[in-house]
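# Observations on the three-dimensional arrangement
Residues per chain, in single letters:
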Amino acid sequence: MHSDYSILIEKSIRAKKHSYSPYSGFSVGAALLTTKNKIYTGANVENASYSLCICAERVAYTKAVSEGDKKFKAIAIAANGKEFVFPCGACRQFMYEFGDDIDVIVVRSAKQFRIVKLFELLPGAFDKTFLKIK
Ligand code: THU
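Below: a short report on this structure. Keep in mind the model is a prediction, meaning the values are calculated, not measured.

Every residue close to the ligand is listed here: Ser-24, Phe-26, Val-28, Asn-44, Glu-46, Cys-55, Ala-56, Glu-57, Phe-86, Pro-87 and Cys-88. A distance of 2.9 Å separates an oxygen atom of the ligand from a polar side-chain atom of Asn-44. Here Glu-57 contributes a side-chain N or O atom positioned 2.5 Å from an oxygen atom of the ligand. Expressed as a share of its isolated accessible area of 370 Å², the protein-covered part of the ligand is 80%. The cavity that encloses the ligand is the largest pocket. For the shell around the ligand, a count of residues per class yields 7 nonpolar, 2 polar and 2 charged.

Moving on to the pairing of strand E1 (residues 28–34). Among the 7 residues that make up E1, 7 are buried, leaving the element largely enclosed by the rest of the structure. Neither face of E1 is open: one carries Val-28, Ala-30, Leu-32 and Thr-34, the other Gly-29, Ala-31 and Leu-33, and all of them are buried. Relative to strand E3 (residues 72–79), E1 runs antiparallel, the two being bridged by 7 bridges. By the bridge assignment for E3, Leu-32 is matched with Ile-75. For E1 and strand E2 (residues 39–43), the ladder comprises 5 bridges, and the chain directions are antiparallel. Its bridge partner lying in E2, Gly-29 is registered against Ala-43. Once E1 ends, the chain turns through 4 residues before running back antiparallel as E2, passing Asn-37 with a positive phi of about 65 degrees.

Parameters at a glance
- Residues numbered from 1 in each chain as written.
- Predicted model: local features only at pLDDT ≥ 70, side-chain atom pairs only at ≥ 80, totals over all residues.
- Heavy atoms only, no water.
- Near = heavy atom within 4 Å.
- Polar contact = N/O pair within 3.5 Å; in protein donor to acceptor, adjacent residues only side chain to side chain.
- Areas by Shrake-Rupley, 256 points an atom, 1.4 Å probe, with all protein chains shown as cover.
- 1 Å grid on protein atoms, 1.4 Å probe; cavity = no way out; pocket = protein on both sides within 12 Å on 5 of 7 lines; lining within 4 Å.
- Sits in = over half its atoms within 2 Å of the grid points.
- Nonpolar A, V, L, I, M, F, W, Y, C, P; charged D, E, K, R; others polar.
- Buried < 20%, exposed > 50% of the residue type's maximum accessible area, 1.4 Å probe, protein only.
- Helix = DSSP H or I, 4+ residues; strand = E, 2+ residues; numbered from the N terminus.
- Pairing = 2+ DSSP bridges.

All we've got here are geometric facts, nothing functional implied.
This is the structure:
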């Protein structure tokens, strides 16, 4: 049985409202739950120089890590549309750095969501274990 993520899901939906996405028109919100039950939110932030766009997930992670939180239980990611929106490849790698055993909750509405583990989304990941030099 999964944890009750209703508050986290609600916060991800609310975070979407702060998306700055004039170029894609695609709003994404994220809510990241730490092991101490603190929640950091994020939204995608775009730029006229397109390659500088930052996804909602990375905004939430950088807010948390830069405030001293590095241990997470779950992240909810909310987007509009007919399909569930899963994190992009760059975000999968970025999140993996801080632990792969977290629940990734992809959200279409408060009642329509799916939960997967981050490790399921990035098999064969490159991580810090490859950098341990003897
Ligand atoms: N985007 C996210 O914020 N998260 C995702 O998981 C997928 C894509 C954003 C990036 C860009 O601002 C817009 O959605 C369209 O790609």
